[in-house]
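# A structural walkthrough
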Amino acid sequence: MTTAFSLAPLFRHSVGFDRFNDLFESAARNEAGSSYPPYNVEKHGEDHYRIVVAAAGFQEQDLDLQVEKGVLTVSGGKRDNSAAEVTYLHQGIAQRAFKLSFRLADHIEVKAAGLANGLLSIDLLRIVPEEAKAKRIPINGDKPALN
């Protein structure tokens, strides 16, 4: 018995969106050590998506978002707490630096980002240009297609 993990059944109805599907597949087989911080990829309607990153302990100035060549990069840096004379008896809230990368499909744009209650939400929108949208092709009944 094999324990192979296939996401193919989930993408059966999305022919032509292989690059966006790669985002989900790469999330499933991410490199070791890149599971911090945890995140969700959500679909909100036909063309609306959201990435939610658990960024507990980070402030807006600690986080950086960049989009370059179709790759969204979310990074966070540790604040310098050397001024505070704190001795931790237990430190369970990780504030280590991180970097997450998401490959975006064609026509996916980052629309907004917000940090609330320790969650960084990144809203994505698929904007397909008119020339790339599906076209209805009329079928001429008795007329031949080519003369």
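Residues numbered from 1 in each chain as written. Predicted model: local features only at pLDDT ≥ 70, side-chain atom pairs only at ≥ 80, totals over all residues. Heavy atoms only, no water.

## So, the overall build of the protein chain
Here is the rule we go by: The helix count covers DSSP runs of H or I at least four residues long, the strand count covers runs of E at least two residues long, and both are numbered beginning at the N terminus. Note on contacts: a residue pair qualifies if any of its non-hydrogen atoms lie within 4.5 Å across the two residues. The Shrake-Rupley method, run with a 1.4 Å probe, gives the accessible areas here. Residue values count only the displayed protein chains as cover.
Summing up its helical and strand segments, the protein chain has 1 helix and 7 strands in all. Considering only contacts within the protein chain whose residues lie at least 6 apart along the sequence, 53% involve residues at least 24 apart. In the form shown here, the protein chain has an accessible surface area of approximately 11200 Å², with 52% of it arising from carbon and sulfur atoms.

## Brief notes about the pattern of salt bridges
Put simply, the rule reads: Think of a salt bridge as a Lys or Arg side-chain nitrogen and an Asp or Glu carboxyl oxygen that are within 4 Å of each other. Using a 1.4 Å probe on the protein chains alone, a residue whose accessible area is under 20% of its type maximum counts as buried, one over 50% counts as exposed, and one in between counts as partly exposed.
Counting across every chain of the model gives 4 salt bridges. Of the charged contacts in the structure, one is a salt bridge between Asp47 and Arg126, with a shortest N-O distance of 2.6 Å. In this pair, Asp47 sits in the loop between strand E1 (39-43) and strand E2 (48-54) while Arg126 sits in strand E7 (residues 119-126), placing the two residues 79 residues apart along the sequence. For Asp47, a relative accessible area of 26% puts it in the partly exposed group. The salt bridge partner of Asp123 is Arg50, with a shortest N-O separation of 2.6 Å. Linking Asp123 in strand E7 with Arg50 in strand E2, this pair joins segments that are 73 residues apart in sequence.

## Some points on the sheet that holds strand E6 (residues 108-116)
Selection rule: Any two strands with at least two DSSP-identified bridges between them are counted as paired. Note on definitions: angles span 0 to 180 degrees between N-to-C directions of axes, and those axes are lines fitted to C-alpha atoms, for helices only across the stretch in contact.
The strand order across the open sheet built from 4 strands is E1-E2-E7-E6, with neighbouring strands paired in antiparallel fashion. Each edge of the sheet is formed by a strand with only one pairing partner; in this case those strands are E1 and E6. Between one strand axis and the next, the sheet turns by 20° as a mean value, whatever way the strands run. Pairing between E6 and E7: 8 bridges, direction antiparallel. Bridge pairing in E7 places Leu115 opposite Leu120.

## Re the pairing of E7
Bridge count between E2 and E7: 7 bridges; the pairing is antiparallel. Across the sheet, the residue bridging to Ile51 is Ile122, located in E7. The hairpin turn running from E6 into E7, its antiparallel successor, is 2 residues long, and Asn117 in that turn takes a positive phi close to 55°.

## Focus: the confidence of the model for the protein chain
What counts, and what does not: Known as pLDDT, the predictor's confidence for each residue is given on a scale from 0 to 100.
In the predicted model, the protein chain carries a mean pLDDT of 78, and 68% of its residues have values of at least 70. Confidence drops under pLDDT 50 across residues 12-16; counting only partners more than four residues distant or on other chains, this segment forms 1 contact.

## Things to note about the sheet that holds strand E5 (residues 98-103)
Reading across the sheet, the 3 strands line up as E3-E4-E5 and stay open at both edges, with antiparallel pairing between neighbours. Edge positions in the sheet fall to strand E3 (63-68) and E5, since each has one partner strand and no second. For this sheet, the mean angle separating the axes of adjacent strands, direction not counted, is 15°. Examined bridge by bridge, strand E4 (residues 71-76) and E5 share 6 bridges and lie antiparallel to one another. What sits directly across from Leu72, in E5, is Phe102.

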